[in-house]
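# Survey of secondary and tertiary structure
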Amino acid sequence: MSRLLALILAGLLAVTACSGSAASGPKSLRMTVWTANEAHLKLLNEIAAEYKAAHPDVTEIKFDSIPADGYTTTLTTQIAGGNAPDLAWILEESAPDFVSSGALAPIKGKIEKADELTPSATKLWEKDGELYAYPFSTSPFGLFVNTSLVKDVPARWTWDQAIAASAAGKGLVLPDFKYQNWAVLSAIWRGWGANAWSEDGRSCGFSSAEMKDAMSFVHKAIFTDKAIPGPGTTVDFFAGNAAMAISQISRAGALKDAKFTWTLMPLPSGPKGDYAVIGQAGVGVLKRSKNAEAAADFLGFFTNEANSAKLAQFFPSVRSSLLNAQTLAKSNPLIRPEQLQSVVVEGISKGVVKPSHQGQEELNQTIRAALDPLWKPDAQVGAVLDDVCTKIKPLLERK
Amino acid sequence: MTFWTYRRRDNLVGYLFVAPALFGSLTFVLIPLALVGWYSLNEWNVLGGTFEFIGAENYQQLLSDEKLRDSLVATAWFAAGLVVLNLSLALLLAVLLNQKLRGTTVFRTLFFSPVLVSLVAWTLVWQLVLQPEGSVNGLLGFFGVDGPNWLRGDSTAMISVIVVQVIKNVGLNMVLFLAALQGVPAPLYEAAKIDGAGVWTRFRRITIPLISPTILLTSIITIVGSLQVFAQIAVLTQGGPGTSTTVLIYYLYQQAFQFHHFGYGATLSVLLFVIVAALTLLQWQMRRKWVLHER
């Protein structure tokens, strides 16, 4: 009888042991990304393969490409539908929403040499001293110039010179602006010292004198100087149809097979002198992931020094050890070291991140709608900007 | 006596036949409908993962929401413009193509073909056509007219969206009207002609009353359809310029999926549901006044 009991006990133990190992058994991770670029995905998959080889319990790491247009909407819909990914790329403009809502798991402990990350670049992703996403890509805005169309390019223009030169050529484009994504204009108005809102995010900056001067300049460049293509017209710099473009350095890859000669310059200096604006992307672990622990562990590997160096060929790193022209030059054969120094290295260390705020998407739409009257030849710039502030005041003051 | 009588077996077969449809409407219509009602009573923070019962708060917000007022105005303009333009054009085309002339089949096919084109493809092509440098303005320029920036003008944006939608769907109403017109007995016209009735009198006194059931049907379909226009807005104007083309369903999408206010978004869907149900009910009641056979 006692032997039978022992047998049953042993059986039970075996069953619990098995089920125990099943819980920590094979894991599969999914990371949502907005790139569908083959070279990017190849590198991501290589890093994942290396991690899987060392961690047999992780059987699959899948990179789920979601189009950049509507990326955040798709991501939040997945989360709402109970189908949250384990890791997700996050755009800088959604950072305050994701970080403050508690959707992300803390990751600081998993990041290799977290103290060598440039503080200005991690600020957006921190709350109460903890890091909630790793800024894997910090990409400064620069001025791409088609030197087949524009000759005699100095080391750095002023805005007046740049607009005059582009009006004489085929114009200056802001490929991501499309008269919708107004935040891209921060790459211009920072030169006037203007801000969308105050540092604490509570008061509106659109009605400031600096902003009015900057936007009057933009308005004049579009409608009087005809240097920037007007609303509704699409001109492709990367196909050689424009003289200049303000875009992020990560877009340089699109110029690989360009049929024209080009150069990259820092943003022209404004009335307030030299400045830089950067766009950012972070990668975080969703707290609700079943495999949050494994996902955070993979994130640590994904962003370690060696892998950061590999990723830097597409996504400029914020690790101070990698942030120098020599390292960047190895992975950016298209751009000369002095260009990398002036645009990337100085841009990342001195730059201001594109505007972002809690409830960004609602602000985006409200500002977009309020700015629409500005994109007409006879617009009253000051009145339109005052109206923007009236419209967004309640949103900025919301907790 | 066995359990499986003929009657029971027949019933079972009947239920089995409707089961797939019943399952489909339960899973994809009735349960989601009930859930939307439930969500509208809650505040749902998708990112934070909180779901909190707040009673009628979302419904109170409906009353104070200025953007909602703007979007209801835009919706009314859109619906009115679409219904008037679509039905009158469809009827005109149907009357013209009902003549016994050579080549009418070609034109019928031509006007109906946009109905078969994928909506997004159709809209994307129109987006190019309506660009400032697009073919519409190119054509206008040929006649010396300086065309506006269609999709970015305060009033032209709404007109453009309506026209794009009318051309897309007018063929469907046209076919329904054609069928109705062909059902009008020819002797009635002959008798009226002998009595001295002119073309317009015959149309007003014979054609309109006899096709009134179809007018009712097409107006219900078109109004309900106008409240569901989404892809056109999303592709052509994104609700702009300003909020001039932010119709209710697009505003609902913004609130729920872009601003992450799923609870308030659900409340807006309930509002949309009530509006559609009320309009349909109203039209159904009005049929006694409009429709010949119902009098």
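Because the structure is predicted, anything quoted here is derived from the model rather than measured.

### A few points about the overall build of chain A
- The secondary structure content of chain A amounts to 14 helices and eleven strands.
- With the C-alpha coordinates of chain A rotated into their principal frame, the extents come out at 100 × 50 × 35 Å.
- Of all intrachain contacts in chain A linking residues separated by at least 6 positions in sequence, the fraction that spans at least 24 positions is 76%.

### Examining the overall build of chain B
- Helix and strand content of chain B: twelve helices and two strands.
- Along chain B, helices (α) and strands (β) appear in the sequence α-β-β-α-α-α-α-α-α-α-α-α-α-α when read from the amino end.
- Compactness check: chain B gives a C-alpha radius of gyration of 24 Å against a globular reference of 19 Å for 295 residues, more than 25% above the reference.
- Here the C-alpha coordinates of chain B stretch approximately 85 × 75 × 35 Å along the principal axes.

### Here we look at the domain arrangement of chain A
All names here are of chain A.
- Split by domain assignment, chain A resolves into domain 1 (25–138 + 279–335) and domain 2 (141–277 + 353–397).
- Measuring from the centre of the C-alpha atoms in domain 1 to the corresponding centre in domain 2 gives 28 Å.
- Taken together, the contacts link 17 residues of domain 1 with 17 residues of domain 2.
- Breaking the side of domain 1 that touches domain 2 down by element, the ones donating at least two residues are helix 4 (95–101) and strand 10 (277–285).
- For the side of domain 1 that touches domain 2, the leading source of residues is helix 4, giving four residues.

### Describing the confidence of the model for chain A
- Per-residue confidence for chain A gives a mean pLDDT of 88, with 93% of residues at or over 70.
- Across residues 1–23 of chain A, confidence stays below pLDDT 50; counting only partners more than four residues off in sequence or on other chains, it has zero contacts.

### Points about the pairing of strand 8 (residues 244–248) of chain A
Residues and elements named next belong to chain A.
- Burial analysis of strand 8 places five of its five residues in the buried class, the great majority of the element.
- Along strand 8, one buried face is formed by Met244, Ile246 and Gln248 and the opposite face, lined by Ala245 and Ser247, is buried too.
- Relative to strand 8, strand 6 (residues 134–146) runs antiparallel, the two being bridged by five bridges. Following the sheet pairing, Val145 is matched in strand 8 by Met244.
- Pairing between strand 7 (residues 172–173) and strand 8: two bridges, direction parallel.

### Let's talk about the interface of chain B and chain A
- Tallying the contact residues gives 22 residues for chain B and 24 residues for chain A.
- Sort the elements by how many residues they give to the side of chain B that touches chain A and helix 11 (residues 248–258) of chain B lands first, with three residues.
- Among the residues forming the side of chain B that touches chain A, the class breakdown is eight nonpolar, twelve polar and two charged.

### Structural notes on helix 2 (residues 38–54) of chain A
Residue and element names in this part refer to chain A.
- With 17 residues, helix 2 ought to run about 24 Å at 1.5 Å a step, and its terminal C-alpha atoms sit 25 Å apart, in line with that.
- Turning to helix 2, its buried residues are His40, Leu44 and Ala48. Mapping the buried residues of helix 2 onto a view down its axis gives an arc of 60 degrees, with all of them on the same face. When the buried face of helix 2 is taken as reference, the exposed residues oriented beyond 90 degrees from it are Glu38, Ala39, Lys42, Glu46, Ala49 and Ala53.
- Buried-residue contacts for helix 2 involve strand 2 (58–65).

### A few points about the environment of Val150(A)
- As for its placement among the helices and strands, Val150(A) is situated in the loop between strand 6 and helix 6 (159–168).
- Through-space distance from the C-alpha of Val150(A) to that of Phe136(A) is 34 Å; in sequence the pair is 14 residues apart.

### Examining the pairing of strand 9 (residues 262–265) of chain A
All names here are of chain A.
- The side-chain alternation of strand 9 yields one buried face, formed by Trp262 and Leu264, and one unburied face, formed by Thr263 and Met265.
- As paired strands, strand 6 and strand 9 are joined by four bridges and run antiparallel to one another. Bridge pairing in strand 9 links Val145 to Thr263.

### Section: unusual backbone geometry
- Omega for the peptide link from Gly240(B) to Pro241(B) comes to -5 degrees, which places this bond in the cis form.
- Structurally, Pro241(B) can be placed in the loop between helix 10 (231–236) and helix 11.
- The phi torsion at Lys178(A) lies on the positive side, around 50 degrees, for a residue other than glycine.
- Assessed through the 13 C-beta atoms surrounding it within 10 Å, Lys178(A) is described here as partly exposed.

### Some points on the packing of helix 4 (residues 104–116) of chain B against helix 7 (residues 156–182) of chain B
Residues and elements named next belong to chain B.
- Between helix 4 and helix 7, whose axes approach to 7 Å, the crossing angle comes to 120 degrees. Regarding the angle of helix 4 to helix 7, the classification is oblique. Pair helix 4 / helix 7 crosses with left-handed handedness. Of the residues in helix 7, those touching helix 4 at Phe111, Phe112, Pro114 and Val115 are Ile167, Lys168, Asn169, Val170, Gly171, Leu172, Met174 and Val175.
- Tallied by class, the residues present in the contact of helix 4 with helix 7 amount to nine nonpolar, two polar and one charged.

### Structural notes on the nonpolar core
- Membership of the largest hydrophobic core comes to 164 residues, with the highest contact counts inside it found for Leu104(A), Leu172(A), Ala214(A), Met244(A), Val285(A) and Leu299(A).
- In this structure, Ala214(A) is in contact with Ile188(A), Trp189(A), Trp192(A) and Ala194(A), ignoring residues within four places of it in sequence.

### Overview of the domain arrangement of chain B
All names here are of chain B.
- Here the domain parsing of chain B yields domain 1 (6–53) and domain 2 (60–294).
- Every contact between the two is made by nine residues of domain 1 and, on the other side, seven residues of domain 2.
- Mapped onto the side of domain 1 that touches domain 2, the elements with two or more residues apiece are helix 1 (6–39) and strand 1 (42–45).
- By residue class, the composition of the side of domain 1 that touches domain 2 is five nonpolar, three polar and one charged.

### A word on the environment of Ser71(B)
Residue and element names in this part refer to chain B.
- As for its position among the elements, Ser71 is in helix 3 (residues 66–97).
- For the pair formed by Ser71 and Val83, sequence separation is twelve residues and the distance between their alpha carbons is 18 Å.
- Sequence-distant contacts of Ser71, defined by excluding residues within four places in its chain, comprise Thr243, Thr246, Val247, Leu248 and Tyr251.

### Re helix 1 of chain B
- A maximum bend of about 45 degrees is found in helix 1 of chain B at Ala19(B), where proline Pro20(B) lies one to four positions downstream.
- With respect to burial, helix 1 of chain B is a largely exposed element, only one of its 34 residues being buried.

### So, the packing of helix 3 of chain B against helix 9 (residues 199–226) of chain B
All names here are of chain B.
- The N-to-C vectors of helix 3 and helix 9 enclose an angle of 145 degrees; their axes lie 9 Å apart at closest approach. For the element pair helix 3 and helix 9, the recorded crossing hand is right-handed. Contacts between helix 3 and helix 9 involve Phe78, Ala79, Leu82, Val83, Asn86, Leu87 and Ala90 from the first element and Thr218, Ser219, Thr222, Ile223 and Ser226 from the second.
- Looking at the contact of helix 3 with helix 9 residue by residue, the classes come out as seven nonpolar, five polar and no charged.

Rules behind the numbers
- Residues numbered from 1 in each chain as written.
- Chains lettered and ligands numbered in written order.
- Predicted model: local features only at pLDDT ≥ 70, side-chain atom pairs only at ≥ 80, totals over all residues.
- Helix = DSSP H or I, 4+ residues; strand = E, 2+ residues; numbered from the N terminus.
- Contact = placed C-beta atoms within 7 Å.
- Rg over C-alpha atoms; globule rule 2.2 N^0.38 Å.
- Domains from an automatic or database assignment.
- pLDDT = per-residue confidence, 0-100.
- Buried ≥ 20, exposed ≤ 12 C-beta atoms within 10 Å, placed from the backbone.
- Pairing = 2+ DSSP bridges.
- Nonpolar A, V, L, I, M, F, W, Y, C, P; charged D, E, K, R; others polar.
- Expected span 1.5 Å × (residues − 1).
- Arc of directions from axis to C-beta.
- Axes fitted to C-alpha atoms, helices over the stretch in contact; angles between N-to-C directions.
- Parallel < 35°, antiparallel > 145°, perpendicular 65-115°, else oblique.
- Left-handed = near helix turned anticlockwise from the far one by under 90°.
- Core = buried A, V, L, I, M, F, W, Y, C linked by C-beta atoms within 7 Å.
- Bend = angle between axes of the 7 residues up to and from the residue.

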